[in-house]
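Close look at the chain arrangement
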Amino acid sequence: METLWTADEPLTARDVQDALAGRELATTTVLTVLGRLERKGLVTREREGRAHRYRSVASREDHVAELMRDALDAAPDRGAALARFLGSIPPDERDKLRDLLD
Amino acid sequence: MELTALGLLVLGVLLAEPVSRGLAAARWPSRDPVGALLVWQAVGLAGGLALLGAGIVYGLAPLGPTLPSAVRALLADPFDLRLLGVTHALALIAAVLLAGWLVGVLAAVTFRTLRARRRHRDLLDLLATPWPAAPGARVLDHPVPVAYCLPGMRSRLVLSAGVLDALDPPAVRAVLAHERAHLRERHDLVVLPFVAWGTTAPFVQGMVCAQVAVAALIEMRADDVAAARVAPAELTGALRSMGGAAPAAALSSFTAALDRRLHRIVEPPPPLPLGLKVLVRAAAVALVALPTLLLLAP
């Protein structure tokens, strides 16, 4: 994933394997991992000749921002998804908080 | 049967409104958060049973003198349903629809919650780095201080880099002790039904009261557990530093709730005497038993 984030252009599995040359990974291993990342909606792939080129859906910073939004957002159905140290916000104040965050 | 239905209806309405309001306004729950959580669950369960039961009992009344006998008659000959008059049929339909709606909403919210958690966990595992000072905790590189846990079978404890900047190590340990209490006691499961039904029926005041009260009670419980494991001063220090920096600090209700939590840790109210604690738990059991007996009594 790190390799895809730092790359400027979409990479093939072979490119990723080369970039991770120090780790001695088999091509199938790289493909398996890329497939798993694709299923999780983190990378997309497009066909190019006989190979697929993979690129990340969003930057590392975007994903961190998404996590922070999850963690701070007061949306009602996220209330049950995680438990914050500072507790939940009463329903009538949620809209106000959302305005503050935007 | 009609009398039983009326009794169930009265019980359900009492639990949904005056009892919920009274319990939300009561002072003793802060002296026994666990007992109070049990009572809230009992109120929710008994209230639901009573309201649904009232509709079903009234609806099936023409088929037998008690609910079990009416159900037996119905199972023996399903065409008996034609014997129900309009009002009885309407009551039965309303109860069945309400039951379907309650189950459906709970299932939908559970599904959405699990999906949101899985997505969040996938990203965390990719982006957060393990924090060596505490096993199981991960650090997310972001300056806004936030500490939370992701409950579930594969739970995660998360601190943002902002927390590590704002707090000294003992305070961080206090935060982690608080979050671990949420995880260990599966507070997410306690909260889930209240969130599901409270947010889809905000017009029922009792449900909203319950949702807010239960959310406050699990924080009290986690504070109690944390304060027993670390020095209370470290917990209050962590709350003060994080509370002042939180984006929600501009909300008056947020700071008021924070002050109440701080006050409770600094000057803990005396725990309920053992006898009263037993009484509270017995009352919770009795609350659920009452509509169950009314429904099943031969």
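Quantities reported herein were computed from a predicted structural model and do not represent experimental measurements.

Tracing the sequence through the fold places H88 of chain B in helix 4 (residues 86–127). Take H88 of chain B: its relative accessible area is 12%, and that puts it in the buried class.

Once that is clear, we can look at the pairing of strand 2 (residues 43–48) of chain A. Residue and element names in this part refer to chain A. Relative to strand 3 (residues 51–56), strand 2 is paired through six bridges, and the arrangement is antiparallel. Counterpart to R47 in the pairing with strand 3 is H52. If you look at the hairpin formed by strand 2 and strand 3, you'll find two residues sitting between the two strands, and G49 has a positive phi there, around 65°.

The sheet built from five strands is open, its strands ordered 4(A)-3(B)-4(B)-2(B)-1(B) with mixed pairing. Looking along the sheet, the strands with just one partner apiece sit at the ends: strand 4 (83–84) of chain A together with strand 1 (129–130) of chain B. Here four bridges tie strand 2 (residues 137–140) of chain B to strand 4 (residues 156–160) of chain B, and the two strands are oriented parallel to one another. Bridging across to strand 4 of chain B, L140 of chain B finds its partner in S160 of chain B. Sheet contacts for helix 4 (residues 60–72) of chain A: strand 4 of chain A together with strand 2, strand 3 (147–150) and strand 4 of chain B; angle to strand 2 of chain B, the most-contacted strand, approximately 115°.

Turning our attention to the packing of helix 8 (residues 205–229) of chain B against helix 10 (residues 252–266) of chain B. Residues and elements named next belong to chain B. Where helix 8 contacts helix 10, the two axes come as close as 11 Å, and the packing angle between them is 35°. Crossing angle aside, the handedness with which helix 8 passes helix 10 is right-handed. Where helix 8 approaches helix 10, its residues E219, M220, D223 and D224 are matched on the opposing element by R261, R264 and I265. Class assignment for the residues of the contact of helix 8 with helix 10 results in two nonpolar, no polar and five charged.

What follows is about the pairing of strand 3 of chain B. The two faces of strand 3 of chain B match: A147 and C149 of chain B on one face and Y148 and L150 of chain B on the other face are all buried. Pairing of strand 4 of chain A with strand 3 of chain B involves two bridges; the strand directions are antiparallel. For A83 of chain A, the partnering residue across the bridge sits in strand 3 of chain B and is C149 of chain B. Bridge count between strand 3 of chain B and strand 4 of chain B: four bridges; the pairing is antiparallel. Its bridge partner being in strand 4 of chain B, Y148 of chain B is matched across the sheet by V158 of chain B. Linking strand 3 of chain B back to strand 4 of chain B in an antiparallel pair, the connection comprises five residues, with G152 of chain B at a positive phi of about 135°.

Below, the discussion takes up the packing of helix 2 (residues 33–60) of chain B against helix 8 of chain B. Residues and elements named next belong to chain B. The contact between helix 2 and helix 8 brings their axes to 9 Å, and the two run at 155°. The angle between the axes of helix 2 and helix 8 places the two elements in the roughly antiparallel class. Judged by the twist between their axes, the crossing of helix 2 over helix 8 is left-handed. Between helix 2 and helix 8, the contacting residues are P33, V34, A36, L37 and W40 on the first element and C209, A210, A213, V214, L217, I218, M220, R221 and D224 on the second. For the contact of helix 2 with helix 8, the residue count by class is twelve nonpolar, no polar and two charged.

A separate point is unusual backbone geometry. Most peptide bonds are trans, and most residues other than glycine sit at a negative phi. We note that R186 of chain B has phi near 50°; this positive angle belongs to a residue other than glycine. Tracing the backbone through its elements, the reader meets R186 of chain B in the loop between helix 6 (169–184) and helix 7 (187–200).

Residue and element names in this part refer to chain A. Among the structural elements, R55 can be located in strand 3. When its relative accessible area of 39% is taken as the criterion, R55 is described as partly exposed. Between the alpha carbons of R55 and T12 there is a distance of 8.8 Å; along the sequence they are 43 residues apart. Once residues lying within four places of it in the same chain are set aside, the contact partners of R55 are P10, V43, T44 and E46.

The subject of this paragraph is the domain arrangement of chain B. Residues and elements named next belong to chain B. According to the domain assignment, chain B contains domain 1 (1–127 + 270–298) and domain 2 (129–267). Counting residues at the interface gives 26 residues for domain 1 and 32 residues for domain 2. Each partner contributes to the roughly 2600 Å² buried at the junction of domain 1 and domain 2, and carbon and sulfur atoms together form 72% of this total. Among the salt bridges present, the one from R156 reaches D125, with a minimum N-O distance of 2.9 Å. Our count for the domain 1 to domain 2 interface comes out at seven residue pairs in polar contact (both at pLDDT 80 or more). Elements supplying a minimum of two residues to the side of domain 1 that touches domain 2: helix 1 (2–25), helix 2 and helix 4. Looking at which element gives the most residues to the side of domain 1 that touches domain 2, the answer is helix 4, with 13 residues. When its residues are assigned to classes, the side of domain 1 that touches domain 2 shows 15 nonpolar, six polar and five charged.

Parameters at a glance
Residues numbered from 1 in each chain as written. Chains lettered and ligands numbered in written order. Predicted model: local features only at pLDDT ≥ 70, side-chain atom pairs only at ≥ 80, totals over all residues. Heavy atoms only, no water. Helix = DSSP H or I, 4+ residues; strand = E, 2+ residues; numbered from the N terminus. Buried < 20%, exposed > 50% of the residue type's maximum accessible area, 1.4 Å probe, protein only. Pairing = 2+ DSSP bridges. Contact = heavy atoms within 4.5 Å. Axes fitted to C-alpha atoms, helices over the stretch in contact; angles between N-to-C directions. Left-handed = near helix turned anticlockwise from the far one by under 90°. Nonpolar A, V, L, I, M, F, W, Y, C, P; charged D, E, K, R; others polar. Parallel < 35°, antiparallel > 145°, perpendicular 65-115°, else oblique. Domains from an automatic or database assignment. Buried area = accessible area lost by both parts, 1.4 Å probe. Salt bridge = Lys/Arg side-chain N within 4 Å of Asp/Glu carboxyl O. Polar contact = N/O pair within 3.5 Å; in protein donor to acceptor, adjacent residues only side chain to side chain.

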